[in-house]
Amino acid sequence: MPAKTGLSRILIYGQNLNSKSGKHVVNRLLTERELVVTVKRPPKPDTWQVAGTLNRIIGNPQLPIILDSFPLKLSSQVIRLPPINGEYLLEFTPADWLGNYTLEIWRFNMPLYSEPSSAITSGNATQTSVAASSAAAVDLLTANSNRKTFTIYNNSTGVLYVGFGVAPTANAFSARINPSVYYESPVNFTGVIKGLWTNNNGNAQVTEFS
């Protein structure tokens, strides 16, 4: 489908699909930090909300590494993506009930987010391992005014919910990290960072840069 321009965004991908075909990989390498993703299905059901899951992946699409995941509804949604070095692909897993649908990917004419004028640099990295906890949120990092950024690798079979400054829950969290997924902080947050898993298996491998 050819690209077209809207008032504030440009359509860069569009495809008519059917959920019986299963997962769909968008055949376009992307670098954008903000995207608008639209799932359309006429007529729109009144009782169903979740249309599927959008994954950001790298590597071989047949054996992808999932960086992060976003549930999608039958609507247009702005997706804000943590920064990574290099390009990525998008993979959409539709709900079984969806049937015929249209998937559209838009980018903004002008980005909502501007990169800092100079890159963050650090000469000090501290690595820690935090055991998974599903009973109560635990500290992944304590407050550190010298922190420049941090990364988390969820080395667990459970989902890790992360809270910036507060304890997360499955319904209220700052980031959701799937098993065996790497997360990089999009902001220079220096407060306490807490984590809660869906089970007690494994750990979080945390690196703090200061």
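(A) Quick look at the sheet that holds strand β17 (residues 203-209). Strand order in the open sheet formed by four strands is β10-β17-β12-β15, with antiparallel pairing between adjacent strands. With partners counted over all chains shown, the strands left at the sheet margins are β10 (125-131) and β15 (182-184), one partner each. Neighbour to neighbour, the strand axes of the sheet diverge by 15° on average, direction disregarded.

(B) Quick look at the pairing of strand β5 (residues 50-58). Note that β5 and strand β6 (residues 65-73) share eight bridges and pair antiparallel. Residue pairing across strands places Ile-57 opposite Ile-66, the latter belonging to β6. Once β5 ends, the chain turns through six residues before running back antiparallel as β6, passing Gly-59 with a positive phi of about 85°.

(C) Main features of the environment of Asp-68. Relative to the helices and strands, Asp-68 resides in strand β6. Its relative accessible area of 10% is what places Asp-68 among the buried residues. For the pair Asp-68 and Ala-175, spaced 107 residues apart in sequence, the C-alpha to C-alpha distance is 9.3 Å. Excluding its chain neighbours within four sequence positions, the residues that come into contact with Asp-68 are Leu-54, Asn-55, Arg-56, Leu-81, Pro-82 and Val-181. There is a polar contact of 2.8 Å between the side chain of Asp-68 and the side chain of Arg-56.

Thresholds, definitions, all that
- All residue numbers refer to positions counted from 1 along the written sequence of the respective chain.
- Confidence filtering applies because this is a predicted model: local features only for residues at pLDDT of at least 70, side-chain atom pairs given and counted only at 80 or more, and all residues used for totals across whole chains, interfaces and linings.
- Working from all heavy atoms in the structure, the side-chain values ignore hydrogens and water.
- Here a strand pair is declared whenever DSSP counts at least two bridges between the two strands.
- Counting from the N terminus, the helices are the DSSP runs of H or I reaching at least four residues and the strands are the DSSP runs of E reaching at least two.
- In this analysis an axis means a line fitted to C-alpha atoms, helices contributing only their contacting stretch, and an angle means the value between N-to-C directions, from 0 to 180 degrees.
- Partly exposed describes any residue whose relative accessible area lies between the buried limit of under 20% and the exposed limit of over 50%, with all areas from a 1.4 Å probe on protein chains only and scaled to the type maximum.
- Contacts are assigned to residue pairs that have any heavy atoms within 4.5 Å of one another.
- Contacts described as polar in this section are N or O atom pairs within 3.5 Å, which, within protein, must combine one atom able to donate a hydrogen with one able to accept it, while residues neighboring in sequence count only if both atoms come from side chains.

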